[in-house]
Amino acid sequence: MKLNPFKSAAGYVAITGIMLALAAALTTLESLFSAFLPAGVRIGLANIVVLCAAECINAPTALLITLLKSVFVLLTRGFTAGVMSLCGGLPAFAVTIFMLKKTSASYIGISVSGAVLHIFGQLFAACFFTGSIYTLYYAPLLLVTAVASGFFTGAVSGRISPLLKNRISRL
Amino acid sequence: MKAQVSSSRRTFKPSDIVIAVIAAALLAAVLIFRSIAEPNGSLAAVFFNGEQIASLSLGTDGVYPFDEYGVTVEVTNRSVRVINSDCPDKICEKTGFISSSAQTIVCLPNRISVRIIGNTDSNIDVVLN
């Protein structure tokens, strides 16, 4: 698994560091919004970063950002939040990579799939924590909002990705 | 670099329809799952880590602080809600009232969940395990 696809190691460290910082900052920003949103609903802004990293750098780097973002959540918001972040982030990463490599789906399609897998990963983790399958009570609302937020993050990724790719192809 | 692929991802593809169909099917599945749950019960059960720690009669209004678990539960008008929690997300508070066994209130940071259980009315107001 080769992390750096570029000629410059410094360039790779810089761009990956910026993207991880962006993912962490967006996650924190989102926590502020979530106070005004219904129970459990999040926009998933960090999804933009992971999708752009997967598309413009490579899959291992996107996985690295996903994992380190969860470590950031673990350090700032505690064990449960960290585990939940991982349980959402890993399935979302997996489906994002699968769709990038194996399908011609649009950024919006990929982003919606990632958001849906993210909430189901978290819901099943929550079912495990509470010992009750009825935790899926939260599923319909989360599913509808995941599709909506997936549309938004997918559209943003579609705008950013070509620009970013153009910039970092010279590294 | 496979830059030529990326521009085509700006428009919808047949595989996007597959995603839409799967998302719609999932929504239908979770809605059906919710609708086939048991009828309304008479007790609000409070769980910690999946273990029941208390059951509250829905027939008796009251406020029940679970200080060591960080949540306060209120029973009003045959429904139950979490009115206060020391967690950061407040997902439990925002869930609001539940009155059917298909519903659950979850507070993951505190590992607390509240469900409606039981089908028979009893004269007991609170049972603390």
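(A) The nonpolar core, seen in detail. Counting 76 residues, the largest nonpolar core has A:M19, B:F66 and B:V80 as its most contacted members. Considering every element that reaches this core, the biggest residue donor is helix α5 (residues 107–130) of chain A, with 13 residues. Apart from the residues within four sequence positions on either side, B:F66 is in contact with B:V46, B:I53, B:A54, B:L56, B:V71, B:T72, B:V73 and B:L128.

(B) Structural context of α5(A). All names here are of chain A. The terminal C-alpha atoms of α5 lie 34 Å apart, and with 24 residues this matches the ideal 34 Å at 1.5 Å per residue to within 8%. For α5, the buried fraction is high: 19 of the 24 residues fall into the buried class. Remark: G131 follows α5 within two positions and exhibits a positive phi of approximately 70°.

(C) Quick look at the pattern of salt bridges. Enumeration according to the criterion identifies five salt bridges over all chains in this entry. In this structure, A:K165 engages A:E55 in a salt bridge whose closest nitrogen and oxygen atoms are separated by 3.4 Å. Of this pair, A:K165 sits in helix α6 (residues 139–168) while A:E55 is found in helix α2 (residues 46–56), placing the two residues 110 residues apart along the sequence. The class for A:K165 is buried, based on a relative accessible area of 5%. A relative accessible area of 4% means that A:E55 is categorised as buried. Across the pair B:E93 and B:K90 runs a salt bridge whose closest N-O atoms are separated by 3.7 Å.

(D) Spatial organisation of the packing of aromatic side chains. Inspection of every chain in the model, using the stated rule, returns seven aromatic pairs over all chains. Seen from their ring centres, A:F6 and A:Y12 are 6.3 Å apart, and the 50° between their planes marks the pair as tilted. Given the relative accessible area of 9%, A:F6 is considered buried. Its guanidinium or amino end placed over the ring of B:F47, B:R115 lies 4.3 Å from that ring's centre, counting from NZ or CZ.

(E) Broad picture of a nonpolar patch on the surface. All names here are of chain A. There is a patch of nonpolar side chains on the surface, built from L29, L32 and F33 and spanning about 270 Å² of accessible area. Residue position: F33 is located in helix α1 (residues 9–33). Given the relative accessible area of 35%, F33 is considered partly exposed.

(F) Focus on the packing of α2(A) against helix α4 (residues 79–102) of chain A. Residues and elements named next belong to chain A. At a minimum axis separation of 10 Å, α2 and α4 run at an interaxial angle of 35°. Judged by the sense of rotation from one axis to the other, the crossing of α2 with α4 is right-handed. When α2 is examined against α4, the residues L51, A54 and E55 are found in contact with a partner set consisting of T96, I97 and L100. Partitioning the contact of α2 with α4 into residue classes produces four nonpolar, one polar and one charged.

(G) Expanded view of the environment of A:P60. Residues and elements named next belong to chain A. Residue position: P60 is located in helix α3 (residues 59–77). Exposure remark for P60: the relative accessible area of 15% places this residue in the buried category. In the structure, P60 is positioned 37 residues away from I97 in sequence and 9.8 Å away in space, judged by C-alpha atoms. Beyond its immediate sequence surroundings of up to four residues, P60 is in contact with M1, K2 and L3.

(H) Quick look at the sheet that holds strand β5 (residues 79–85) of chain B. Residues and elements named next belong to chain B. One open sheet accounts for three strands, arranged β3-β4-β5; its pairing is antiparallel. Across the chains shown, the open sheet's two edge strands, defined by having one partner strand only, are β3 (62–66) and β5. Pairs of neighbouring strands in the sheet enclose a mean axial angle of 20°, with direction left out of account.

(I) Region of interest: the interface of chain B and chain A. Listed by partner, the interface residues are 39 residues for chain B and 49 residues for chain A. Each partner contributes to the roughly 3700 Å² buried at the junction of chain B and chain A, and carbon and sulfur atoms together form 63% of this total. Remark: the boundary between chain B and chain A carries one salt bridge. Taking the shortest distance from any N to any O, the salt bridge between B:D89 and A:R77 comes out at 2.3 Å. Those elements giving two or more residues to the side of chain B that touches chain A turn out to be α1 (3–8), α2 (14–35), α3 (91–95), β6 (104–107) and β7 (112–117) of chain B. Top contributing element to the side of chain B that touches chain A by residue count: α2(B), with 10 residues.

Analysis parameters
- Residues numbered from 1 in each chain as written.
- Chains lettered and ligands numbered in written order.
- Predicted model: local features only at pLDDT ≥ 70, side-chain atom pairs only at ≥ 80, totals over all residues.
- Heavy atoms only, no water.
- Core = buried A, V, L, I, M, F, W, Y, C linked by side-chain atoms within 4.5 Å.
- Buried < 20%, exposed > 50% of the residue type's maximum accessible area, 1.4 Å probe, protein only.
- Helix = DSSP H or I, 4+ residues; strand = E, 2+ residues; numbered from the N terminus.
- Contact = heavy atoms within 4.5 Å.
- Expected span 1.5 Å × (residues − 1).
- Salt bridge = Lys/Arg side-chain N within 4 Å of Asp/Glu carboxyl O.
- Phe/Tyr/Trp six-rings, centres within 6.5 Å; stacked < 30°, edge-to-face > 60°.
- Lys NZ or Arg CZ within 6 Å of the ring centre and 35° of its normal.
- Patch = residues over 30% accessible without salt bridge, like charges linked within 9 Å, V, L, I, M, F, W, Y side chains within 5 Å.
- Areas by Shrake-Rupley, 256 points an atom, 1.4 Å probe, with all protein chains shown as cover.
- Axes fitted to C-alpha atoms, helices over the stretch in contact; angles between N-to-C directions.
- Left-handed = near helix turned anticlockwise from the far one by under 90°.
- Nonpolar A, V, L, I, M, F, W, Y, C, P; charged D, E, K, R; others polar.
- Pairing = 2+ DSSP bridges.
- Buried area = accessible area lost by both parts, 1.4 Å probe.

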